[in-house]
Amino acid sequence: MDEESFHAFYEQTARNLRGYLRSMLNNQAIDRGLVDDLLQESYFRFLKAGLPDSTEPAHRKNYLYRIATNLVRDHRRARKVEELPEDSADATSADSLDTAHDVGRAFLKLKQREREVLWMAYVECFDHREIAEVLRTKAVSIRPMLARARARFGDILRRRGIGA
Amino acid sequence: MSDCPHEPIVADALAKGDLPEDLRVHLAGCAVCAEVHSVAGHMLQLADGLAEEPQPSAASMWWRLNLRMRREKARRAEMPLIWMGRVCYVAIALVAALVAASLPVPARPVAAIGLAALGAVVLPVAVTLWGWSRSKT
């Protein structure tokens, strides 16, 4: 991949990918340097893989997300990060001016797999086959997985009085 | 809650910021798609919030990645030389051990054959590794 192609690809993907990495790491006060390190590592491994120039843009993005997902999982395994309990007390005001922040905190209550599926489905608009490729699972299992994750997230948001 | 074939259409329309009237009408009557609309909307809000954090520019990322690749390539090229050196050190240590052992006269031919065999193995390996490292640079 030449520099011009990389710039175009980076501009298209970095914003959301960085958000994905940020939201997959459990601690909201996470070191920004760690997120940027994982972002750089994702693009480094992507370039090293040397996908042919004829590779479709959708496939490139899918491959990049596969790398990022594996990096986050490796990081969590190495740090022995545990899922946050759903009912851990942290106040959310219905009048909060920082709703994106509240949504972020609610998002962290979900399991890792649930967060992955929701992000890929509704931020990146991957179809079920693409999500299955990233998560290395069967495409038929994505629909029920997504429905469960969506229902759980909806419940958490409602309990916190965030949007309807 | 059962599935609805409009689910991906709702998510896609929301991501593009363009929800046509017929889809709005559908949302009013479909609990599944209404849930998709709500959750997807919050996901996009989350993504927008996270995007406010500064991120490395494309130019700086490209520069850093290339630097890493060059360093990794140099390190890979050095490895055969390092291993060649290690093999030679081992061979020298063995020779020194044999000499230091002060072998009795009847054992000298055996020692000579052993040293020749070792040399026959070490020398081609060292030359191959050296040639490989040259081809990688």
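Since this is a predicted model, take the numbers as computed values, not measurements.

1. Some details on the overall build of chain B
Along its length, chain B carries five helices and zero strands. Accessible surface for chain B amounts to roughly 8800 Å². Of this, 67% is attributable to carbon and sulfur atoms.

2. A short note on the packing of helix 1 (residues 7-16) of chain B against helix 3 (residues 31-51) of chain B
All names here are of chain B. Running from amino to carboxyl end, helix 1 crosses helix 3 at an angle of 30°, the nearest separation of the two axes being 9 Å. Along this stretch, helix 1 crosses helix 3, giving a crossing that reads as right-handed. For the pair formed by helix 1 and helix 3, the contact residues are E7, V10, A11, L14 and A15 on the first element and V32, C33, V36, H37, A40, G41 and L44 on the second. Along the lines of polarity and charge, the residues of the contact of helix 1 with helix 3 split into nine nonpolar, two polar and one charged.

3. Here we look at the packing of aromatic side chains
Pairs of aromatic rings are described using the distance from one ring centre to the other and the angle between the two planes. Residue and element names in this part refer to chain A. What the rule picks out here adds up to eleven aromatic pairs over all chains. Where F9 meets F46, the ring centres are 4.8 Å apart and the plane angle is 15°; that geometry is what we call stacked. Of the two residues, F9 sits in helix 1 (residues 3-24) while F46 sits in helix 2 (residues 32-49), which places them 37 residues apart along the sequence. Taken as a pair, F9 and F46 share a single burial class, namely buried.

4. A few points about the domain arrangement of chain A
Residues and elements named next belong to chain A. Split into domains, chain A comes out as domain 1 (1-82) and domain 2 (87-164). Taken together, the contacts link 19 residues of domain 1 with 19 residues of domain 2. A buried area of about 1700 Å², summed over both sides, lies between domain 1 and domain 2, and 48% of it is on carbon and sulfur atoms. Between domain 1 and domain 2 we count two salt bridges in total. Put simply, R73 and E116 hold a salt bridge, and the shortest N to O gap is 2.9 Å. Linking domain 1 with domain 2 are eight residue pairs in polar contact (both at pLDDT 80 or more). Looking at the side of domain 1 that touches domain 2, the elements that each hand over two or more residues are helix 1 and helix 3 (57-79). For the side of domain 1 that touches domain 2, the element with the most residues is helix 3, which contributes eleven residues. Here the residues of the side of domain 1 that touches domain 2 sort into six nonpolar, nine polar and four charged.

5. Regarding unusual backbone geometry
Residues and elements named next belong to chain A. The residue C125 is not glycine, and still its phi comes out positive at about 55°. Note on placement: C125 falls in the loop between helix 5 (112-122) and helix 6 (128-135). Phi at R136 is positive, roughly 55°, even though this residue is not glycine. Within the element layout of this structure, R136 appears in the loop between helix 6 and helix 7 (142-159).

6. A word on the interface of chain B and chain A
Each side of the interface is counted separately: chain B has 35 residues, and chain A has 41 residues. Here chain B and chain A share an interface that buries about 3600 Å² over both sides, 66% of which is from carbon and sulfur atoms. The largest per-residue losses of area from chain B upon contact with chain A belong to M43, W62 and R68 of chain B, which jointly make up 18% of the total buried on that side. At the junction of chain B with chain A, the criterion picks out seven salt bridges.

7. So, a nonpolar patch on the surface
Where nonpolar side chains cluster on the molecular surface, the patch consists of V95, L98, V99 and L115 of chain B and spans about 300 Å² of accessible area. Along the chain, L115 of chain B turns up in helix 5 (residues 108-136).

8. Quick notes on the environment of A15 of chain B
Within the secondary structure, A15 of chain B is located in helix 1. Looking at A15 of chain B, the relative accessible area reads 37%, which means it is partly exposed. Counting along the chain gives 26 residues from A15 of chain B to G41 of chain B, while the straight-line C-alpha distance between them is 8.2 Å. What A15 of chain B contacts, discounting residues up to four positions off in sequence, is C125 of chain A together with L44 of chain B.

9. As for the nonpolar core
Ranked by internal contacts, the top residues of the largest apolar core, which has 70 residues, are L17, Y43, L118, W119, Y122 and F153 of chain A together with M43 of chain B. Split by domain, the residues of this core number at least three in each of domain 1 (1-82) and domain 2 (87-164) of chain A. Those residues in contact with L17 of chain A that lie beyond four places of it in its chain are L39, S42, Y43, L64, Y65 and A68 of chain A.

Definitions and cut-offs
- Residues numbered from 1 in each chain as written.
- Chains lettered and ligands numbered in written order.
- Predicted model: local features only at pLDDT ≥ 70, side-chain atom pairs only at ≥ 80, totals over all residues.
- Heavy atoms only, no water.
- Helix = DSSP H or I, 4+ residues; strand = E, 2+ residues; numbered from the N terminus.
- Areas by Shrake-Rupley, 256 points an atom, 1.4 Å probe, with all protein chains shown as cover.
- Axes fitted to C-alpha atoms, helices over the stretch in contact; angles between N-to-C directions.
- Left-handed = near helix turned anticlockwise from the far one by under 90°.
- Contact = heavy atoms within 4.5 Å.
- Nonpolar A, V, L, I, M, F, W, Y, C, P; charged D, E, K, R; others polar.
- Phe/Tyr/Trp six-rings, centres within 6.5 Å; stacked < 30°, edge-to-face > 60°.
- Buried < 20%, exposed > 50% of the residue type's maximum accessible area, 1.4 Å probe, protein only.
- Domains from an automatic or database assignment.
- Buried area = accessible area lost by both parts, 1.4 Å probe.
- Salt bridge = Lys/Arg side-chain N within 4 Å of Asp/Glu carboxyl O.
- Polar contact = N/O pair within 3.5 Å; in protein donor to acceptor, adjacent residues only side chain to side chain.
- Patch = residues over 30% accessible without salt bridge, like charges linked within 9 Å, V, L, I, M, F, W, Y side chains within 5 Å.
- Core = buried A, V, L, I, M, F, W, Y, C linked by side-chain atoms within 4.5 Å.

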